[in-house]
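Structural features, examined
What follows is each chain in one-letter form.
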Amino acid sequence: MRHLLSAADLDVRDAVRILDTAGQMAATQAREIKKLPTLRGRTVVNLFFEDSTRTRISFETAAKRLSADVINFSAKGSSVSKGESLKDTALTLQAMGADAVVIRHQSSGAPHTLAHAGWTNGAVVNAGDGTHQHPTQALLDAYTLRRHLVGDGGRSDVSGQDLAGLRVAIVGDVLHSRVARSNVQLLHTLGAHVTLVAPPTLVPVGVEAWPARVSYHLDEVIADDKPDAVMMLRVQRERMSSAGGGFFPSPLEYTRGFGLDARRLDALPDHAIVLHPGPMNRGLEISADAADSPRAVIVEQVANGVAVRMAVLYLLLAGESPAPTTTKVDA
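Residues numbered from 1 in each chain as written. Predicted model: local features only at pLDDT ≥ 70, side-chain atom pairs only at ≥ 80, totals over all residues. Heavy atoms only, no water.

Taking an unreviewed UniProt entry as the reference, the protein is identified by name as Aspartate carbamoyltransferase belonging to Cellulomonas biazotea. Quoted verbatim from the Catalytic activity (unreviewed entry) field of the UniProt record, the comment on the protein reads "carbamoyl phosphate + L-aspartate = N-carbamoyl-L-aspartate + phosphate + H(+)". (UniProt positions renumbered as here; feature names shortened; annotations may be inferred.)

Structure representation (structure tokens):
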């Protein structure tokens with residue numbers, strides 16, 4: 001891999017390799033000393049034009065666990081707020097010797113521009129761009145699904161395995177969700193069957209071209225499809241303008257139709273798990289009962305995110321060559 005810009009960039013071999021490497025990284029995080037010397041001397045820049053505490057901290061933790069030097073760059077209070085362009089910012093980071101740039105940007109396509117415009121020689125990782133893509137979130141979700149649902153329910157080794165045959169329902173604000181777009185592509189690549197569930201107003205134009213089925217009835221999907229996992233999406237109220245009318249009549253109406261509550265949780269198959277990319281709107285797309293249920297793996301997703309991002313940075317910056325004996329990443 002040269003960059004990681006989209007889930008669509010990954011074929012099944014690449015995706016499984018990242019998941020397997022993440023498993024090795026996760027094993028090292030159970031040790032007393034969690035830090036690995038693998039990327040010592042490398043510099044990773046977190047270039048965030050859009051607020052996201054958990055994603056930035058996850059990437060920062062991943063880079064530091066690999067012994068990389070980390071520079072956190074926030075658009076607020078920087079030259080960007082004074083009018084500096086993405087190009088000039090990238091050239092400045094290149095002059096500072098950035099080996100990898102993790103970028104989150106409010107404009108869809110900004111990471112692709114950064115990767116291909118010749119402004120930086122470093123690897124570019126998309127940490128979320130507009131409503132377009134968030135590939136590492138899809139990878140950590142796939143890692144979580146594989147860990148719980150593949151290989152005798154996670155009791156046996158899943159290395160080298162994909163998600164063939166799993167049924168995943170992605171529920172909520174699909175229209176504004178880069179997480180949904182990335183997950184549909186990656187889960188399809190890994191062999192899972194995806195159903196999108198949302199009110200018609202929150203389904204994107206052109207969704208019929210996506211490799212997923214669309215339903216407007218959550219109860220029917222739970223009863224008929226018996227999904228192995230339900231991924232609840234955050235209702236992105238900050239992207240919705242009330243000036244032209246709301247996307248649903250009221251929060252209560254949305255919760256009744258598309259919220260995951262105790263009743264719907266009980267209707268899921270016994271082995272099914274609940275995911276959410278966070279942060280959660282408790283009481284809107286997910287109830288406290290569902291969010292705090294033992295079947296919810298939402299907190300675990302955060303921990304898995306560090307391992308997956310360690311794997312991505314390792315594969316981008318350490319390349320294909322095996323690590324020396326002193327820097328092995330397997331358990």
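Take the UniProt feature "binding site: L-aspartate" (unreviewed entry) in the protein next. UniProt's entry tags Lys82, Arg178 and Arg234 with the feature "binding site: L-aspartate" (unreviewed entry), counted in the numbering of this structure. Looking at the secondary structure, you find Arg178 in helix H7 (residues 178-189). Owing to a relative accessible area of 9%, Arg178 belongs among the buried residues under this scheme. A polar contact is formed between the side chain of Arg178 and the side chain of Glu50, at a distance of 3.0 Å. (Helix = DSSP H or I, 4+ residues; strand = E, 2+ residues; numbered from the N terminus. Buried < 20%, exposed > 50% of the residue type's maximum accessible area, 1.4 Å probe, protein only. Polar contact = N/O pair within 3.5 Å; in protein donor to acceptor, adjacent residues only side chain to side chain.)

Attention now moves to the domain arrangement of the protein. Often the size quoted for an interface is simply the accessible area lost on bringing the parts together. What the domain assignment lists for the protein is domain 1 (7-133 + 303-317) and domain 2 (135-300). Measuring from the centre of the C-alpha atoms in domain 1 to the corresponding centre in domain 2 gives 25 Å. Facing the 32 residues of domain 1 at the interface are 29 residues of domain 2. Summed over both sides, the interface between domain 1 and domain 2 buries roughly 2400 Å², with carbon and sulfur atoms accounting for 59% of that surface. The largest per-residue losses of area from domain 1 upon contact with domain 2 belong to Leu19, Thr131 and Asn304, which jointly make up 26% of the total buried on that side. (Domains from an automatic or database assignment. Contact = heavy atoms within 4.5 Å. Buried area = accessible area lost by both parts, 1.4 Å probe.)

To continue, consider the confidence of the model for the protein. Of all residues in the protein, 91% attain a pLDDT of 70 or more, and the chain-wide mean is 90. Overall, residues 321-331 carries pLDDT values under 50, and its contacts beyond four positions in sequence, including any with other chains, amount to 17 contacts. (pLDDT = per-residue confidence, 0-100.)

What follows covers the packing of helix H1 (residues 12-28) against helix H12 (residues 298-318). Relative to each other, H1 and H12 sit at 115 degrees, their axes nearing to 8 Å. Crossing angle aside, the handedness with which H1 passes H12 is right-handed. Contacts from Arg17, Ile18, Thr21, Ala22, Met25, Ala26 and Thr28 in H1 reach Ala307, Val308, Met310, Ala311, Val312, Tyr314 and Leu315 in H12. Broken down by class, the residue content of the contact of H1 with H12 amounts to 11 nonpolar, 2 polar and 1 charged. (Axes fitted to C-alpha atoms, helices over the stretch in contact; angles between N-to-C directions. Left-handed = near helix turned anticlockwise from the far one by under 90°. Nonpolar A, V, L, I, M, F, W, Y, C, P; charged D, E, K, R; others polar.)

On the basis of which strands lie adjacent, the open sheet formed by 4 strands has the order E2-E1-E3-E4 and parallel pairing. One side of each edge strand has no neighbouring strand; the edge strands of this open sheet are strand E2 (69-74) and strand E4 (123-129). Averaged over all neighbouring strand pairs, the angle between strand axes comes to 15 degrees, with direction disregarded. Strands strand E1 (43-48), strand E3 (100-105) and E4 of the sheet are contacted by H12, whose axis makes an angle of about 150 degrees with E4. (Pairing = 2+ DSSP bridges.)

It is worth spelling out the environment of Val306 at this point. Tracing the backbone through its elements, the reader meets Val306 in helix H12. Residues Val306 and Val102 lie 204 residues apart in sequence; the distance between their C-alpha atoms is 14 Å. If we skip the residues at most four places from it in the chain, Val306 touches Ser58, Thr61, Ala62 and Arg65.

Sheet analysis places E1 next to E2, joined by 6 bridges and oriented parallel. Paired with Phe48 across the two strands is Ser74, which belongs to E2. With helix H2 (residues 53-65) bridging E1 and its parallel neighbour E2, the resulting β-α-β unit is right-handed. (Right-handed = clockwise from strand over helix to strand, strands pointing away.)

Turning our attention to the pattern of salt bridges. Inspection of the entire model under this criterion finds 11 salt bridges. Among the ionic pairs, Glu50 bridges to Arg178, the shortest N-O distance being 3.0 Å. Linking Glu50 in the loop between E1 and H2 with Arg178 in helix H7, this pair joins segments that are 128 residues apart in sequence. Classification of Glu50 as buried rests on a relative accessible area of 17%. Here the salt bridges share partners, and the residues they tie into one network are Arg56, Glu60 and Lys64. (Salt bridge = Lys/Arg side-chain N within 4 Å of Asp/Glu carboxyl O.)

Let's shift gears to the packing of helix H5 (residues 135-149) against H12. Between H5 and H12, the least distance of the axes is 9 Å, while the angle of their chain directions is 115 degrees. Here H5 and H12 pass one another in a crossing that is right-handed. Of H12, the residues touching H5 (which contributes Thr136, Gln137, Leu139, Leu140, Asp141, Tyr143, Thr144, Arg147 and His148) are Glu300, Gln301, Asn304, Gly305, Val308, Arg309 and Val312. Residue composition of the contact of H5 with H12, grouped by class: 5 nonpolar, 7 polar and 4 charged.

Let's shift gears to the sheet that holds strand E6 (residues 193-197). One open sheet holds the 5 strands; their spatial order is E7-E6-E5-E8-E9, and the pairing between them is parallel. Edge positions in the sheet fall to strand E7 (213-215) and strand E9 (273-275), since each has one partner strand and no second. Sheet twist, expressed as the mean angle between neighbouring strand axes with direction ignored, is 25 degrees. Two elements, strand E5 (residues 167-171) and E6, share 5 bridges in a ladder whose sense is parallel. Within E6, the residue paired with Arg167 across the bridge is His193. H7 rests against E5, E6 and strand E8 (229-232) of the sheet, and its axis sits at about 165 degrees to E5. Across the sheet, helix H8 (residues 218-225) touches E5, E6 and E7, and the angle it forms with E6 is around 155 degrees.

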